[in-house]
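Remarks on the overall topology
Residues per chain are reported as follows:
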Amino acid sequence: MGDIPPRFEPPIRRLMAPGPSQADIRVREAMAQPVIGHLDPATGQLLNEIQAMLRTVFRTENVLTFPVSGTGTAGMECALMNVLEPGDVALLLVGGAFAERMLEIARRCGADVRVVGGEWGRPIPDDEVAVALASHPDAKVVGVVHAETSTGVLQPLEGIGRLCEEHGAMLVVDAVASLGGIPVEVDGWGIDVCYSGSQKCLSVPPGLAPITFSERAVNVRTNRATPMHSFYLDVLPISQYLGSERLYHHTAPISMLYGLHEGLRMVLEEGLEPRWRRHAELGAELLAALHERGFEPYAPEGYRLPEVVGVRLPDFIDDKPMRRRLLDEFGIEVAGGLGDLAGKVWRVGLMGESCTRENVEAVLAAIDTLAASVRPGVSSGA
Ligand SMILES: *Cc1c(COP(=O)(O)O)cnc(C)c1O
């Protein structure tokens with residue numbers, strides 16, 4: 001049996017890319033519990049508890065709140081595919097790679113998609129959204145990424161929520177990189193559909209996408225004139241599985257649900273406000289320390305995500321070889337730039353369990369060592 005590889009042993013890593021983040025031992029142990037069936041009454045209770053905790057974290061009363069079986073992108077497809085039909089006008093606020101992904105999915109739904117903004121790294125002011133809504137009074141959906149992981153830019157949502165309400169448009173929000181790290185107020189901001197991912201600020205391994213639909217969004221799905229193209233992501237049969245009938249739709253990924261349940265317990269034990277404060281403080285600290293070392297903040301002031309610290313590289317940092325050394329010599333994973341930002345920026349993640357002072361100090365010490373090795377004679381950290 002010489003062909004069988006040995007049991008896979010992952011290397012020891014400090015996860016400081018914008019996802020996946022470190023999963024606590026409590027979450028990993030929960031995932032090692034014995035498998036039970038998706039129609040077992042105990043699984044029903046587990047799902048009910050997850051749904052209740054997700055409502056607390058999303059700050060919503062929405063009944064249809066659950067984890068999609070799949071990663072954040074499955075959440076994105078679930079959100080857009082249920083509410084968009086061919087010909088529907090959708091305004092998409094675009095400022096980075098994940099907004100472009102929303103755009104691509106909305107187009108595949110056959111929607112008549114209009115781009116607002118379009119320039120990477122620039123938050124979109126409310127008045128541009130107001131102009132777009134005024135020139136497209138038939139807009140059904142406004143889609144926006146709250147925390148644009150590709151740029152580290154925070155897009156404020158409150159004003160957009162008010163504008164959508166005035167115009168009767170539905171607000172669909174990508175909170176993959178914000179939920180559990182910075183404030184997200186689904187009901188308070190008038191969001192109709194909001195989705196996230198388990199492996200970012202919630203610190204659960206990748207594989208689930210928490211999502212919530214307002215009653216209006218559920219009605220839009222129920223009253224579609226055309227059939228939903230996806231069977232797997234159709235929220236109508238999923239809500240029958242989540243409801244008291246427990247009708248089989250697809251097999252719930254039980255071990256992932258164990259992990260999410262424990263991860264959400266940890267989020268609520270810490271408390272949302274203290275958790276937001278931890279991210280805000282350590283993100284600001286890391287950014288200031290990187291700035292001192294010659295890394296310029298990428299996002300404009302006032303729109304910087306604490307959980308995705310995006311910085312332009314100083315001359316002495318050569319992107320790929322330096323990230324490779326961070327990984328090989330220090331076990332630290334940070335992310336480079338996407339698209340046009342490749343080779344120009346780094347994105348350092350401080351998400352959930354990865355957001356610790358120890359990690360901030362470790363990445364700074366490693367950068368100082370690397371900088372000293374390529375700039376002999378220059379004292380580190382100066
Ligand atoms: C990570 C991310 C996604 C995609 O999630 P996957 O889990 O990689 O499918 C979508 N939107 C944003 C803002 C993200 O950060």
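Our subject is the structure that appears above.
For clarity, every value in this text was computed on a predicted model and none was experimentally measured. (Residues numbered from 1 in each chain as written. Predicted model: local features only at pLDDT ≥ 70, side-chain atom pairs only at ≥ 80, totals over all residues. Heavy atoms only, no water.)

**As for the pattern of salt bridges**
Rules: Here a salt bridge means any side-chain nitrogen of Lys or Arg lying within 4 Å of a carboxyl oxygen belonging to Asp or Glu. Think of it in three bands: with a 1.4 Å probe and only protein chains considered, a residue is buried below 20% of the maximum accessible area for its type, exposed above 50%, and partly exposed in between. Helical segments are the DSSP runs of H or I of at least four residues, strand segments are the runs of E of at least two, and each set is numbered from the N terminus.
What the rule picks out here adds up to 22 salt bridges. Glu 128 is paired through a salt bridge with Arg 122; the nearest N and O atoms lie 2.9 Å apart. Since its relative accessible area comes to 27%, Glu 128 is described here as partly exposed. A relative accessible area of 28% places Arg 122 in the partly exposed class. Taking the shortest distance from any N to any O, the salt bridge between Arg 357 and Glu 285 comes out at 2.4 Å. Here the residue Arg 357 occupies a position in helix H12 (residues 357-374), and Glu 285 occupies one in helix H10 (residues 272-292), the gap between them amounting to 72 residues. The class of Glu 285 is partly exposed, set by a relative accessible area of 32%. If you follow the salt bridges from partner to partner, you end up with Arg 26, Glu 262, Arg 265 and Glu 269 in one network.

**Describing unusual backbone geometry**
Omega for the peptide link from Gly 19 to Pro 20 comes to -5°, which places this bond in the cis form. For Pro 20, the location among the structural elements is in the loop between strand E1 (14-15) and helix H1 (25-31). One non-glycine residue, Arg 59, lies in the positive phi region at around 55°. For Arg 59, the position within the fold is in the loop between helix H2 (41-58) and strand E2 (64-69). For Arg 59, a relative accessible area of 27% puts it in the partly exposed group. The phi torsion at Arg 246 lies on the positive side, around 50°, for a residue other than glycine. Among the secondary structure elements, Arg 246 is positioned in the loop between helix H8 (235-242) and helix H9 (254-270).

**Looking at the sheet that holds strand E11 (residues 296-297)**
Stated formally: Two strands qualify as a pair provided that DSSP identifies no fewer than 2 bridges between them.
Taken in spatial order, the four strands of this open sheet run E11-E12-E15-E14, and their pairing is antiparallel. Two strands lie at the open edges of the sheet, namely E11 and strand E14 (335-336), each paired on one side alone. The pairing of E14 with strand E15 (residues 345-349) spans two bridges and is classified as antiparallel. Within E15, the position partnered with Ala 335 by the bridge is Arg 347.

**Quick look at helix H3 (residues 72-83)**
Short version of the rule: A helix is expected to reach a length of 1.5 Å times the quantity of its residues less one.
Under the 1.5 Å per step criterion, the end-to-end length of H3 is 17 Å for 12 residues, consistent within 8% with the ideal 16 Å. Within H3, 10 of the 12 residues are buried, leaving the element largely enclosed by the surrounding structure.

**Quick word on the side chain of Ser 150**
Put simply, the test is: Whenever two N or O atoms come within 3.5 Å, that pair is a polar contact, provided that in protein one can donate a hydrogen and the other can accept it, and provided that, for residues adjacent in sequence, both atoms are side-chain atoms. Should any heavy atoms of two residues lie within 4.5 Å, those residues are counted as being in contact.
You can see Ser 150 is positioned in the loop between strand E6 (147-148) and strand E7 (153-154). A polar atom in the side chain of Ser 150 sits 2.9 Å from the backbone nitrogen of Ala 97. Here the side chain of Ser 150 touches Glu 148 through a polar contact of 2.7 Å, side chain to side chain. Non-local contacts of Ser 150, meaning those with residues more than four positions away in its chain, are made with Gly 96, Ala 97, Phe 98, Trp 120, Leu 338, Leu 341 and Arg 347.

**Observations concerning the site of the ligand**
Convention followed: A cutoff of 4 Å decides nearness: a residue is near a molecule or strand if any of its heavy atoms lies inside that distance of it. Note on areas: Shrake-Rupley, 1.4 Å probe, and residue coverage restricted to the protein chains presented here.
Taken together, 13 residues form the shell around the ligand, and within it Thr 71, Thr 73, Thr 149, Asp 174 and Lys 200 come nearest. At a separation of 2.5 Å, an oxygen atom of the ligand approaches a polar side-chain atom of Thr 73. Asp 174 places a polar side-chain atom, nitrogen or oxygen, 2.7 Å from a nitrogen atom of the ligand. Taking 380 Å² as the accessible area of the ligand by itself, protein coverage stands at 89%. In terms of residue count, H3 provides more of the shell around the ligand than any other element does, three residues in total.

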